[in-house]
Amino acid sequence: MSDKSGVLLYYKDSKRKIVPCLDVVKNDLARKRLDFLRISCKNIPEFFLNQWDHVKLYSPKADPENASAILLEPEQGAFDIDNTLNELSGKEWTKFTCSWFIFNALPSDLKQEKLLNLSTEDHPATFSPTMVSDFISFFTKSGARVIDPFAGIGSTLEACKRTNRIGYAIELNKKYYDIIKQRFPEFDNNIYNHDSTKLDSLDLPLFDFSISSPPYWDILNRSTDGFKKQRTTKGLDVNYSELDADLGNIDNYDVFLDKVCAVYQKLYNFMKQGAYVVIIVKNVKKNGVMYPLAWDIAKKLSQLYVLKDEKIWIQDKVGLSPYGYPKAWAANILHHYCLVLRKE
Ligand SMILES: C[S@@+](CC[C@H](N)C(=O)[O-])C[C@H]1O[C@@H](n2cnc3c(N)ncnc32)[C@H](O)[C@@H]1O
């Protein structure tokens, strides 16, 4: 076969590069295999089906009859039709499995929020929908149900919208709840103004995935004068609320730990078998002592879920403060733990 555009079979060459196979007979077999997969395989993502004329068969050893992967662009890698977890290529899958990543707030995310003309800036601790989209894309397929029990202004729902998943949100503070309702009419029936420690009283369906970031204990009530002054001057919130049910207002560490874990313990019954739950949290300091909040949550919840891993999120564009200087050690904590738990 001389014309590369008619090639339907790709394989891995001796330099481990995905390249076209020019053997006419093998390409003919590849066509038959592709026709068969299209009819018989229920696992092919929509975006492949929508441009089926451009789909190629991939077999590392150029064996079309036993090939189980397809691709659109060789640089993106191939999708294995036996992939039951997500819609990523092997290359994208492997990239995500690194146990750490660096991520700083994206100006495009912040701009998008401001364009909504809502008081989204009011919330003092949001995470990025772009970052959350990566988790959702790894842990689910299109159309999956995803819940965030500490939804804030709905960053997880924005990520669901971008990735074509069905978002559910629970948020205690009416002001933030109203923002989510306004932002996401498409998820209107899935948004609850509720105390997540009582989420079992809601009529919820079964979920494929959960990602959330709870209050980091009462850290906001203790934040530095600089943070408070800057936000107060702009008329923005310096904590989540004054509500008793707000977990960010609990002073006692053990009480806080029990309550935050109770949310995920109750969520367990609403997760599908095999579903993952990702909790983004930090170890925190109070009066010069470190409280290993991330590790304690991981340990406590591993009595119910299987603790699979941690993925460390690093922020490397945050200014350092001279904590402890010039007498004692005190770290600037610029990493978070994304705890990965699974219902098995
Ligand atoms: C770290 S913020 C989450 C921010 C969110 N990820 C976002 O990007 O907008 C934690 C949220 O938990 C909410 N919260 C605190 N206690 C709660 C409770 N008992 N039930 C539900 N939500 C609660 C707070 O109001 C706050 O919005």
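Residues numbered from 1 in each chain as written. Predicted model: local features only at pLDDT ≥ 70, side-chain atom pairs only at ≥ 80, totals over all residues. Heavy atoms only, no water.

With respect to the sheet that holds strand β6 (residues 100–102)
- Strand order across the open sheet formed by eight strands is β6-β14-β15-β11-β10-β7-β8-β9, with mixed pairing between neighbours. Every interior strand has two partners, whereas the edge strands, β6 and β9 (191–193), have only one. When strand polarity is set aside, the average angle formed by the axes of neighbouring strands in this sheet is 15 degrees.
- Bridge count for β6 against strand β14 (residues 306–314) is three bridges, and the pairing is parallel. Looking across to β14, one finds that Ile102 is bridged to Ile314.
- Sitting on the sheet, helix α9 (residues 253–267) is in contact with β7 (145–148), β10 (207–212) and β11 (271–281), with an inclination near 160 degrees to β11. (Pairing = 2+ DSSP bridges. Helix = DSSP H or I, 4+ residues; strand = E, 2+ residues; numbered from the N terminus. Axes fitted to C-alpha atoms, helices over the stretch in contact; angles between N-to-C directions. Contact = heavy atoms within 4.5 Å.)

Looking at empty space enclosed by the protein
- As enumerated under the stated definition, the model contains one cavity of 30 Å³ or more in all.
- Taken as a whole, the largest cavity spans an internal volume of roughly 50 Å³.
- Around the largest cavity, the lining residues are Pro215, Tyr216, Trp217, Asp218, Ile219, Leu220, Asn221, Asn239, Tyr240, Asp246, Gly248 and Asn249.
- Its residues assigned to classes, the lining of the largest cavity comprises six nonpolar, four polar and two charged. (1 Å grid on protein atoms, 1.4 Å probe; cavity = no way out; pocket = protein on both sides within 12 Å on 5 of 7 lines; lining within 4 Å. Points joined across faces, edges and corners; volume = space filled by probe spheres on them. Nonpolar A, V, L, I, M, F, W, Y, C, P; charged D, E, K, R; others polar.)

Let's talk about the pattern of salt bridges
- Tallied over the entire structure, the rule returns 15 salt bridges.
- With its nearest N and O atoms 3.0 Å apart, the salt bridge here joins Glu158 to Arg162. Of the two residues, Glu158 and Arg162 are both situated in helix α6 (residues 155–163); the distance of four residues between them amounts to about one turn of the helix.
- Residue class for Glu158 comes out buried when judged on its relative accessible area of 5%.
- The class for Arg162 is partly exposed, based on a relative accessible area of 38%.
- Note that Asp316 is salt-bridged to Lys317, the shortest N-O span being 3.9 Å.
- What makes Asp316 partly exposed here is its relative accessible area of 43%. (Salt bridge = Lys/Arg side-chain N within 4 Å of Asp/Glu carboxyl O. Buried < 20%, exposed > 50% of the residue type's maximum accessible area, 1.4 Å probe, protein only.)

Focus on the sheet that holds strand β5 (residues 79–80)
- Taken in spatial order, the five strands of this open sheet run β2-β1-β3-β4-β5, and their pairing is mixed. Looking at which strands have only one partner, the edges of the open sheet turn out to be β2 (18–20) and β5.
- Relative to β2, strand β1 (residues 9–12) runs antiparallel, the two being bridged by three bridges. What sits directly across from Lys12, in β2, is Ile18.
- The sheet strands contacting helix α1 (residues 24–40) are β1, β3 (56–58) and β4 (69–71), and the helix crosses β3 at an angle near 100 degrees.

Focus on the nonpolar core
- Counting 69 residues, the largest nonpolar core has Phe135, Tyr264 and Ile297 as the members making the most contacts within it.
- The contact partners of Ile297, leaving out residues within four places of it in the chain, are Leu257, Val260, Cys261, Ile279, Val281 and Leu339.
- Leu8, Leu57, Ala62 and Ile70 belong to the second-largest nonpolar core, a separate cluster that totals 18 residues. (Core = buried A, V, L, I, M, F, W, Y, C linked by side-chain atoms within 4.5 Å.)

Let's talk about the pairing of β14
- Of the pairings in the sheet, the one linking β14 to strand β15 (residues 335–342) comprises eight bridges and is antiparallel in character. Across the sheet, residue Ile314 finds its bridge partner in β15, namely His335.

Describing the packing of aromatic side chains
- Tallied over the full model, the rule gives 18 aromatic pairs.
- Between Phe150 and Tyr264, the ring centres sit 6.1 Å apart and the planes meet at 50 degrees, which makes this aromatic pair tilted. Note that Phe150 is positioned in the loop between β7 and α6 and Tyr264 in helix α9, a separation of 114 residues in sequence. Summarising the burial analysis for this pair, Phe150 and Tyr264 share the class buried.
- Among the aromatic side chains, those forming a connected cluster through ring pairs are Trp93, Phe96, Phe101, Phe135, Phe138, Phe139, Phe209 and Tyr276.
- The ring of Phe96 carries Lys311 above its face, with NZ or CZ at 4.2 Å from the centroid. (Phe/Tyr/Trp six-rings, centres within 6.5 Å; stacked < 30°, edge-to-face > 60°. Lys NZ or Arg CZ within 6 Å of the ring centre and 35° of its normal.)

Here we look at the environment of Leu257
- Mapping Leu257 onto the fold places it in helix α9.
- With ten residues separating them along the chain, Leu257 and Leu247 place their C-alpha atoms 9.4 Å apart.
- The residues touching Leu257, leaving out its near neighbours within four places in the chain, are Leu293, Asp296, Ile297 and Lys300.

Nothing here speaks to function; it is all geometry.
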